[in-house]
Amino acid sequence: MPRSRWKHAFSGLAIAAMLWGSWPSVRAQEAHSETFATPQVAAAAPERLALWPVSARARQSDPLLEARVAAIVSRMTLEQKIGQMTQADIRSITPEDVRRHYIGSILNGGGAWPNMQRRASPADWAALSGAFYTASMSTDMATQVPIIWGTDAVHGHNNVYGATLFPHNIGLGAARDPDLVQRIGRSTARAARATGITWVFAPTLAVVQDQRWGRSYESFSSDPALVRDYAAHYVRGLQGDLNAASDVVATAKHFLGDGGTFRGADQGDTRVPLSDLIATHAQGYYGALEANVQTVMASYNSWNETGAGERGVRMHANRYLLTDVLKGRLGFDGFVVSDWNAIEQAPGCRRTSCPDAINAGIDMVMVPEDWLAFIRDTVEDVRRGAIPMSRIDDAVSRIVRVKLRSGLFDANPAATAAAMPADAIADAELAREAVRESLVLLKDDRRVLPLRRGIRLLVVGKGADSLSLQSGGWSRTWQGTENTNEDFATGETLLTAIQRTIGPERVTYSETGAGINVRRFDAVIAVLAETPYAEMRGDIAFPATLSHSARYPEDLAALDAVSGQGVPVVTVLYSGRTLFANDLINRSDAFVAAWLPGTEAGGIADVLFRAPNGRAQHDFTGRLPFAWPRTPCDSVGHGARFQIGYGLSYARQRRVGRLPEALAPCAQ
Ligand code: GLC
């Protein structure tokens, strides 16, 4: 498939310039920002909404569909409406609960599998989906409304045993290939539908500005124009036209500003002017809306907290952004789902009751365990007038609209799953292609790459033979740390790929490289890695260092054991972010940023080694999606060692030379 070059001349700068032209009015408006951060205020002033470019949404209203929506909602009781707005985790609810309480949605949080069997088959997943669906269609409602199951399939159908895992988004950003991203969306949708699931909580559209954030790898890039372009392609891949048996509902997340929090703190405060919120953090949503995305997930972060204590006003209670901007100005007519118990972070709220969040524009509430209490308390909130029935009817209408559009009323997802091939969750060739395109060559001063096949090779490093380390977080479990190679059922580590490529008899593996006579070998490949993490557990909290070897000394030790002995060293680094790595780069003749490649590390071997005829098989085409830090403290955009867009190739070399290692730690 020819690489569709990333073509957008359109850039975040162009958007900012457009806004800059209105800068005085934006600046004047900033003084009022705090008045729009609290949900009780009236709709936003028109001039403030006008600063948001109007989106070119793909879908127009359908009168017949809207009539069906109105008819269904008009016949629902209050309890049925609130049940429809409730999303519970499969570990905390049964199909009978769904029937009795009119539950509208379920999810499987990371580490939840059917009957808690981590090796559950696609058929097991589909059977459970079928049971929940049947229960939802067996209520005493005037019109049955089917349940919708959402899952975090964020790099393939990553919770499911045997599913192929694609590179995480940071690697896809390095590939600069929107067509590839659309094909990955297509493949992920097919895998989800093979398990009876019709809603995927992807893509993440964070435009990460500080790699300290533990979710940096879920972001495509710090470049808003790239994120916008990818958003549209990924959503088209997932949703298709919402009518095929392999289409799913997509989710643009997390709205808004999740990648811009102060010092990259997860769920922190995004302190930026409105102009930056629009020109940087909102760009992915323009792309997703252009592709007709049907759901948006609200973000944990706050925006310009108003000094209202440690947490400030959270996004989940920000009516200006959730309703006036997203639903009003940008015309989004799908539904907004909360994040995991996130409504409890809004001032004066708890996880079972938050009128401010519902009134601000949250339509469906992810309340994994306490769903029954949420229904009870929220029914009471409506009865006591804290939430107008008009807002409830709008929320339920949005949910029913998406379910009608996605064909959920027409067939049990388990039935369509049964018609799909058993290997629908596998797509190793596409994943391997993505891995090849994601690799960024940072250094190759002595031009040691590509390696010949007829060599004696030493492989070192803890990352060489670990599917877990190469897959990162959101892999079979939430954190991705409780896995052995056997927990993946499919996939190839770089070590096994190298053995397959040049013959196991030519390969010696030593995790530490200690005591090895390196001079017996023609070359060394060192595979270094961060250990997997997800969300806040991956934060590098300021002033902690961005230096990889300070956090993982075993990797520096492995390089010290093999470098400087006249034998070329090729280093491959698995990481969820750009890092300070001058010491590692100095000890490497060639250095490859491989991000988190997923299950198919064979794509790395495809690029590192020559073909049997001695020619290069695949050249490096990846480009940095984020700047590479110059010091152990700076992150994106501040004093880059390698700028965003940097990447060498066999055809295009640049000498890196020796880099400074002794650098001052982060000043408070
Ligand atoms: C998490 C994440 C969100 C995910 C949700 C369900 O907290 O913030 O991205 O979709 O919960 O797992």
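In the block above lies the structure referred to throughout.
Residues numbered from 1 in each chain as written. Predicted model: local features only at pLDDT ≥ 70, side-chain atom pairs only at ≥ 80, totals over all residues. Heavy atoms only, no water.

### Regarding unusual backbone geometry
We apply this condition: Each helix is a run of H or I in the DSSP string that is no shorter than four residues. Each strand is a run of E no shorter than two, and both are numbered from the N terminus.
Here the residue pair Phe255 and Leu256 is connected by a cis peptide bond, since its omega of 10 degrees sits within 30 degrees of zero. Following the sequence through the fold, Leu256 ends up in the loop between strand S5 (251-255) and strand S6 (269-270). Between Leu449 and Pro450 the backbone carries a cis peptide bond, its omega angle lying at -10 degrees. Structurally, Pro450 is set in the loop between strand S11 (440-444) and strand S12 (457-460). We note that Tyr102 has phi near 55 degrees; this positive angle belongs to a residue other than glycine. Secondary-structure assignment places Tyr102 in the loop between helix H7 (95-101) and strand S2 (105-108). One non-glycine residue with positive phi stands out, namely Met116, at about 55 degrees.

### Looking at the packing of aromatic side chains
Where we set the bar: Classification of ring pairs rests on two measures: the distance between centres of Phe, Tyr or Trp rings, Trp counted by its six-membered ring, which must be within 6.5 Å, and the angle between planes, read as stacked under 30 degrees, edge-to-face over 60 and tilted in between. Buried residues are those whose accessible area, probed at 1.4 Å on protein chains only, stays under 20% of the maximum for their type, while exposed residues exceed 50% and partly exposed ones sit between those limits. Placement of a positive charge over a ring is assigned whenever Lys NZ or Arg CZ falls within 6 Å of the ring centre and within 35 degrees of the normal to the ring plane.
Tallied over the entire structure, the rule returns 12 aromatic pairs. Ring geometry for Trp199 versus Phe201: centroids 5.0 Å apart, planes at 80 degrees, classification edge-to-face. The pair formed by Trp199 and Phe201 is uniform in burial state, with each residue classed as buried. Members of the aromatic cluster, joined through ring pairs, are Trp125, Phe132 and Trp149. The side chain of Arg68 reaches across the aromatic face of Phe409, ending 5.8 Å from its centre. A cation over an aromatic ring shows up here: Arg263 above the ring of Phe542, its NZ or CZ 3.5 Å from the ring centre.

### What about helix H17 (residues 389-405)?
Rules: What a helix is expected to span follows from its residue count: subtract one and scale by 1.5 Å.
In this model H17 runs 24 Å from its N-terminal to its C-terminal C-alpha over 17 residues, within 8% of the 24 Å that 1.5 Å per residue would give. For H17, the buried fraction is high: 13 of the 17 residues fall into the buried class. After H17 finishes, the residue Gly407 shows a positive phi value of roughly 75 degrees.

### What about the sheet that holds strand S16 (residues 590-595)?
The following threshold applies: The rule for pairing is simple: two strands pair if DSSP sees at least two bridges between them. Throughout, an axis means a line fitted to C-alpha atoms (over the contacting stretch in the case of helices), and angles, computed between N-to-C directions, take values from 0 to 180 degrees. By the convention used here, residues are in contact when the closest approach between their heavy atoms is within 4.5 Å.
One open sheet accounts for 6 strands, arranged S11-S16-S15-S14-S12-S13; its pairing is mixed. Edge strands, defined here as strands with exactly one partner in the open sheet, are S11 and strand S13 (507-510). Mean inter-strand twist for the sheet, computed between neighbouring axes without regard to direction, equals 20 degrees. Inspection of the sheet shows S12 paired to S13 by 4 bridges, in the parallel sense. Across the sheet, residue Val459 finds its bridge partner in S13, namely Tyr509. Its contacts with the sheet put helix H23 (residues 553-562) on S12, strand S14 (523-529) and strand S15 (569-574), and the angle it makes with S14 is roughly 170 degrees.

### Some details on the site of the ligand
Short version of the rule: Near residues are defined by distance, with any heavy atom within 4 Å of the molecule or strand qualifying the residue. Polar contact is the term for a pair of N or O atoms within 3.5 Å; when the atoms are in protein, one must be able to donate a hydrogen and the other to accept it, and sequence-neighboring residues count only if both atoms are side-chain atoms. Reported accessibility uses the Shrake-Rupley method at a 1.4 Å probe radius. Residues are deemed covered only where the shown protein chains occlude them. Residues were grouped as follows: Ala, Val, Leu, Ile, Met, Phe, Trp, Tyr, Cys and Pro as nonpolar; Asp, Glu, Lys and Arg as charged; and all remaining residues, including Gly, as polar.
Not every one of the 13 residues close to the ligand is listed here, only the nearest: Asp152, Arg215, Lys253, His254 and Asp339. Separating an oxygen atom of the ligand from a side-chain N or O atom of Asp152 is a distance of 2.5 Å. Contact with the protein chains hides 96% of the accessible area of the ligand, taken as 310 Å² for the molecule alone. Residue composition of the shell around the ligand, grouped by class: 7 nonpolar, 1 polar and 5 charged.

### A few points about the nonpolar core
Cut-off, in case you're wondering: Working definition of a nonpolar core: buried Ala, Val, Leu, Ile, Met, Phe, Trp, Tyr and Cys residues. They are joined through side-chain atoms within 4.5 Å.
In this structure, Trp52, Ile82, Leu256, Leu321 and Val400 are the most contacted members of the largest nonpolar core, which totals 128 residues. In terms of residue count, helix H11 (residues 224-239) provides more of this core than any other element does, 8 residues in total. Filtering out sequence-adjacent residues up to four positions away, Leu321 remains in contact with Trp52, Phe255, Leu256, Leu277, Trp303, Met315 and Leu326. Counting residues in each nonpolar core, the second largest holds 78 residues, with Val435, Val567, Ala581 and Phe591 among its members.

### Brief notes about the sheet that holds strand S1 (residues 86-89)
Taken together, 5 strands build an open sheet; the order of strands is S4-S3-S2-S1-S10 and the sheet is parallel. Both edges of this open sheet fall to strand S4 (199-200) and strand S10 (365-366), since each of them pairs with a single strand only. Here S1 pairs with S10 via 2 bridges, running parallel. Looking at the pairing, Gln87 lines up with Met366 of S10.

### Observations regarding the packing of helix H10 (residues 178-193) against H11
Let me state the cut-off plainly: An angle below 35 degrees is read as roughly parallel, one above 145 as roughly antiparallel, one from 65 to 115 as roughly perpendicular, and any other as oblique. By the definition used in this description, the sense in which the near helix is turned from the far one sets the handedness, with an anticlockwise turn below a right angle giving left-handed and a clockwise turn giving right-handed.
For the pair H10 and H11, the least separation of the axes is 7 Å and the interaxial angle reads 30 degrees. As the angle between them shows, H10 and H11 are arranged roughly parallel. Handedness of the H10/H11 crossing: right-handed. Side by side, H10 and H11 meet where Pro178, Asp179, Val181, Gln182, Gly185, Arg186, Thr188 and Ala189 of the first sit next to Asp229, Tyr230, His233, Tyr234, Arg236, Gly237 and Leu238 of the second. Split into classes, the residues belonging to the contact of H10 with H11 amount to 6 nonpolar, 5 polar and 4 charged.

### Side note on the environment of Asp619
Mapped onto the elements, Asp619 comes out in the loop between helix H25 (602-608) and strand S17 (628-629). Taking the relative accessible area as the measure of exposure, Asp619 reaches 27% and is therefore partly exposed. Sequence separation between Asp619 and Leu608 is 11 residues, and the spatial gap between their C-alpha atoms is 8.7 Å. If sequence neighbours within four positions are ignored, Asp619 has contacts with Val607, Ser649, Tyr650 and Ala651.

### A closer look at the packing of H11 against helix H13 (residues 283-290)
Between H11 and H13, whose axes approach to 7 Å, the crossing angle comes to 30 degrees. Overall, the two elements H11 and H13 adopt an arrangement that is roughly parallel. The element H11 and its partner H13 pack so that their crossing is right-handed. Where H11 approaches H13, its residues Pro224, Val227, Arg228, Ala231, Ala232, Val235 and Arg236 are matched on the opposing element by Gln283, Gly284, Tyr286, Gly287, Ala288 and Glu290. Looking at the contact of H11 with H13 residue by residue, the class counts come to 7 nonpolar, 3 polar and 3 charged.

### Focus: the state of the cysteines
So the rule is basically this: Here, the term disulfide refers to a pair of cysteine sulfur atoms separated by no more than 2.5 Å.
Evaluated as defined, the whole model comprises 1 disulfide. Put simply, Cys349 and Cys354 are joined by a disulfide, and their sulfur atoms are 2.0 Å apart. As the torsion about the S-S bond is roughly 65 degrees, the Cys349-Cys354 disulfide counts as right-handed. Since its relative accessible area comes to 16%, Cys349 is described here as buried. Judged by its relative accessible area of 3%, Cys354 falls in the buried class.

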